[in-house]
Amino acid sequence: MKNLINKAKKTLLNNRRRGYTLPTNNKLYPAQWNWDSGFIALGYSCFNLNFALKEIDTLLKGQWNDGMVPHILFHDTNTNYYPNHTAWNCGNKIHSSGITQPPILATILKRILEKKKLNNTQLINVKKITKKIKKFHEWFIQYRDPKKLGLVSILHPWESGYDNSPIWDRSMEKIKIHKNLKYKRADNKLINPEFRPLNIDYDRYVTIKNHLRKIKYNPTKAYKSSLFNVIDVGFNSIFLKANKDLVWLLDKFNLDHSKINKYIKLTEKNFLKLYDKKKGTFYSKDIKNKKKIYIPSITNYFVLFADLDNYEVNKNLIQNLKKYNSKEKYFFSSIKPNHMSFEEKRYWRGPVWINCNWFIYQGLKNKDIAFSNSVKKKTIELLEKSNFYEYFSCKNGQPMGANNFSWSASLYLDLKINEN
Ligand code: GLC
């Protein structure tokens, strides 16, 4: 499959602009996205280490003074994307959105350092990057967990990266849509609208955004007053793993990690409170409406990726995961197929996403080698059959969304070249 390896590299290079890479080459996402760039950097590291580091560098150029790294950087302002830079109206040095996305940079950087030999100049650069990532993680701890729970909140569904997941449905239904919203979506003109979020979802996304804009994205006010505030299992799993990987990085460069270490201990302890022993699943928490959220989403299994220090819990999760979508040809569907909210083709409400499979694979490989290998094999097979699309049907592998999708290409390279 050498051809596909070359095609994956070409996909990234074709999507590359000045120092950063678009999520895809069509007009759907004409900017730099936070966690996309993390995955993309990992892909580049398989054949061009400087491009990998540059990708991360460029993303961190948009870091806010308080430490937040935005979910979008608008390097090119002349596009039809909505919400664009004027709709957000914020940014530091680079126009950006006013919310963040899952912090995967520490994990990606550690993986790159473990796989590749860096020269001195690159190492000096990585040390600088590490300091910025530390500032980002401290921002989360300070502003997204003011009650010191060891668990951070997201204040907009877009922050999770799984935008229209049914996880958010009940919290979103509570949001009163602002009157006279005037905006034009471009996404559902570029992609079959049946594969995209609904208009009513967008109305609510924009309503939450407008509120944050009104309070000038002040992080303290935002936590207290956002129309949406959820402690999500998947997001916190990614953050816990990233904190562990950040400690590894800080240690490597002799930088202080006492605060992060302390936070990891608190998270490990309190994460288990989100475990429902009877059901054998984790649940998320709607902080705004004080409700537990039980939606069978693949992201709840990201706990395996977090490497929680609890053998029994991990064992139960793996058992359940084996049954999760075993009746379908391709795994993992973003939502369990027998759940009422499952939709085979609609974005994060059912389709298979390669980054989810990647998190699960990474989480399984030190716990159940045979299962992890089959996840990897099936993920590779899906990409080899259906190409580097954005997402896929779990029933027949039908490719959907954007083609030439950067993180699908990147993670293919990581799975094929880096192995383990
Ligand atoms: C969508 C996805 C998000 C991704 C972005 C760019 O908004 O839901 O996870 O980062 O597109 O690919």
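Numbering of residues starts from 1 in every chain and runs along the sequence as written. For a predicted model such as this one, the threshold for reporting local features is a pLDDT of at least 70, and the threshold for listing and counting side-chain atom pairs is 80 or more; totals across whole chains, interfaces and linings nevertheless cover every residue. The basis for every side-chain value is the complete set of heavy atoms in the structure, and neither hydrogens nor water enter the calculation.

**Q** Explain the sheet that holds strand β5 (residues 230-231) to me, please; I cannot follow it from the model alone.
**A** Strand pairing in a sheet is mediated by backbone hydrogen bonds. Such pairs are either parallel or antiparallel. The three strands lie next to each other as β5-β8-β9, forming an open sheet whose pairing is antiparallel. Unpaired on one side and paired on the other, β5 and β9 (291-293) mark the two borders of the sheet. Bridge analysis of β5 against strand β8 (residues 284-286) gives two bridges, and the strand direction is antiparallel. Bridging from a neighbouring strand, V230 pairs with D286 of β8. One bridge is not enough; two strands pair if DSSP finds at least two bridges between them. The helix count covers DSSP runs of H or I at least four residues long, the strand count covers runs of E at least two residues long, and both are numbered beginning at the N terminus.

**Q** Would you take a moment to explain the environment of P146 for this structure?
**A** If you trace the backbone, P146 turns up in the loop between α6 (120-143) and α7 (157-160). For the pair P146 and F359, spaced 213 residues apart in sequence, the C-alpha to C-alpha distance is 28 Å. Residues within four places of P146 in sequence aside, it is in contact with I141 and Y223. A contact between two residues is defined here by any heavy atoms of the two lying within 4.5 Å.

**Q** Just checking my understanding: could you explain the confidence of the model for the protein for this structure?
**A** Regions with low pLDDT should not have their predicted coordinates read in detail. This prediction gives the protein a mean pLDDT of 97; 100% of its residues lie at or above 70. Taking the mean pLDDT of every element in the protein, the minimum, 94, falls on helix α9 (residues 187-190) and the maximum, 99, on β5. The quantity called pLDDT is the predictor's confidence in a given residue, expressed from 0 to 100.

**Q** What is the right way to read helix α13 (residues 258-271) from this model?
**A** At 3.6 residues per turn, the α-helix brings residues three or four places apart onto the same side. Here α13 contains 14 residues, and its C-alpha end-to-end distance of 20 Å stays within 8% of the 20 Å for a straight helix at 1.5 Å per residue. Close packing links the buried residues of α13 with α6, α12 (233-252), β6 (275-276), β7 (281-282) and α14 (303-306). In a helix, the anticipated span is given by 1.5 Å times the number of residues less one.

**Q** Help me out: how do you make sense of the nonpolar core in this one?
**A** In summary, soluble globular proteins display a tendency toward joint burial of nonpolar side chains. Among the nonpolar cores identified, the biggest contains 138 residues, and F282 and L321 are the most heavily contacted of them. Counting residues per element, this core draws most heavily on α12, which supplies ten residues. Setting aside residues up to four positions removed in sequence, L321 forms contacts with I298, Y301, L304, F332, I360, L364 and F371. Side-chain atoms within 4.5 Å link the members of a nonpolar core, which is a set of buried Ala, Val, Leu, Ile, Met, Phe, Trp, Tyr and Cys residues. Partly exposed residues are those whose accessible area sits between 20% and 50% of the maximum for their type, while under 20% is buried and over 50% is exposed, using a 1.4 Å probe and protein chains only.

**Q** Even after reading the chapter, I still don't get the packing of aromatic side chains, so can you show me in this structure?
**A** For any pair of aromatic rings, the description consists of the separation of the ring centres together with the inter-plane angle of the planes. Centres within 6.5 Å make a pair out of two Phe, Tyr or Trp rings, where for Trp the six-membered ring is used; the pair is then stacked when the planes are under 30 degrees apart, edge-to-face when over 60, and tilted otherwise. Here the structure, examined in full by the defined rule, presents 48 aromatic pairs. Between Y44 and F47, the aromatic rings sit 5.8 Å apart at their centres with planes inclined by 55°, giving tilted as the arrangement. One Lys or Arg, K209, reaches over the ring of W88 and ends 5.9 Å from the middle of that ring. To sit over a ring, a charge needs its Lys NZ or Arg CZ within 6 Å of the ring centre and within 35 degrees of the ring normal. The ring of Y294 carries the charged tip of K279 above its face, separated from the ring centre by 4.2 Å.

**Q** Honestly, the site of the ligand in this entry has me stumped. Any pointers?
**A** In the vicinity of the ligand, the residues found are P23, Y29, W33, W35, D36, Q101, G161, D163, Y347, W348, F405 and W407. Residues adjacent in sequence count toward polar contacts only when both atoms are side-chain atoms; beyond that, a polar contact is any pair of N or O atoms within 3.5 Å, and within protein one must be able to donate a hydrogen and the other to accept it. Take D163: an N or O atom from its side chain is 2.8 Å from an oxygen atom of the ligand. Take W348: an N or O atom from its side chain is 2.9 Å from an oxygen atom of the ligand. All accessible areas in this document rest on Shrake-Rupley with a 1.4 Å probe, and a residue is counted as covered only by the protein chains that are shown. When the ligand sits alone it has 310 Å² of accessible area, and the protein chains cover 95% of it. Gly is placed with the polar residues, together with every amino acid not listed as nonpolar (Ala, Val, Leu, Ile, Met, Phe, Trp, Tyr, Cys and Pro) or charged (Asp, Glu, Lys and Arg). Class assignment for the residues of the shell around the ligand results in eight nonpolar, two polar and two charged. One heavy atom within 4 Å of a molecule or strand is enough for the residue carrying it to be called near that molecule or strand.

**Q** Could you clarify how one ought to interpret a positive patch on the surface in this entry?
**A** Together, K54, K61, K93, K127, K128, K131, K132 and K135 line one region of the surface with positive charge. The topology assignment puts K128 in helix α6. Surface patches are defined over residues having more than 30% relative accessible area and no salt bridge, joining like charges when they lie within 9 Å and nonpolar side chains (Val, Leu, Ile, Met, Phe, Trp, Tyr) when within 5 Å. Here, a salt bridge means any Lys or Arg side-chain nitrogen found within 4 Å of an Asp or Glu carboxyl oxygen. Charge convention: Lys and Arg are scored as positive, Asp and Glu as negative, and His as well as the terminal groups of each chain are ignored. The location of each charge is read from NZ of Lys, CZ of Arg, CG of Asp or CD of Glu.

**Q** What am I meant to see in the pattern of salt bridges here?
**A** When the charged atoms of two side chains lie near each other, side chains of opposite charge can form a pair. Following the criterion strictly, the structure yields 19 salt bridges and no others. The closest approach of N and O atoms between D187 and R196, which form a salt bridge, is 2.8 Å. The pair formed by D187 and R196 is uniform in burial state, with each residue classed as buried. Sharing partners across several salt bridges, the network here consists of K110, E114, K241 and D245.

**Q** Got a minute to help me understand the packing of helix α5 (residues 105-115) against α6 in this structure?
**A** Packed helices, taken two at a time, are described by their axes: the angle between them and the distance between them. Axes, fitted as lines to C-alpha atoms, cover a helix only where it is in contact. Angles between the N-to-C directions of the axes lie from 0 to 180 degrees. Between α5 and α6, the shortest axis-to-axis distance is 10 Å and the interhelical angle comes to 155°. By the angle between their axes, α5 is roughly antiparallel relative to α6. Between α5 and α6 lies a crossing of left-handed hand. Contacts between α5 and α6 pair L105, A106, L109 and L113 from the former with L123, V126, I129, T130, I133 and H137 from the latter. When the residues that make up the contact of α5 with α6 are grouped by side-chain class, the tally is eight nonpolar, two polar and no charged. Under this scheme an angle from 65 to 115 degrees is roughly perpendicular, one under 35 degrees roughly parallel, and one over 145 degrees roughly antiparallel; angles in between are oblique. Left-handed is the label given to a crossing in which the near helix is rotated counterclockwise from the far helix by less than a right angle, and right-handed is the label when the rotation is clockwise.

**Q** How should unusual backbone geometry be read in this particular structure?
**A** A cis amide bond, omega -5°, links Y82 with the succeeding residue P83. Relative to the helices and strands, P83 is located in the loop between β2 (72-73) and α4 (85-88). A positive phi is found at N180, a non-glycine position, where the angle reads about 55°.

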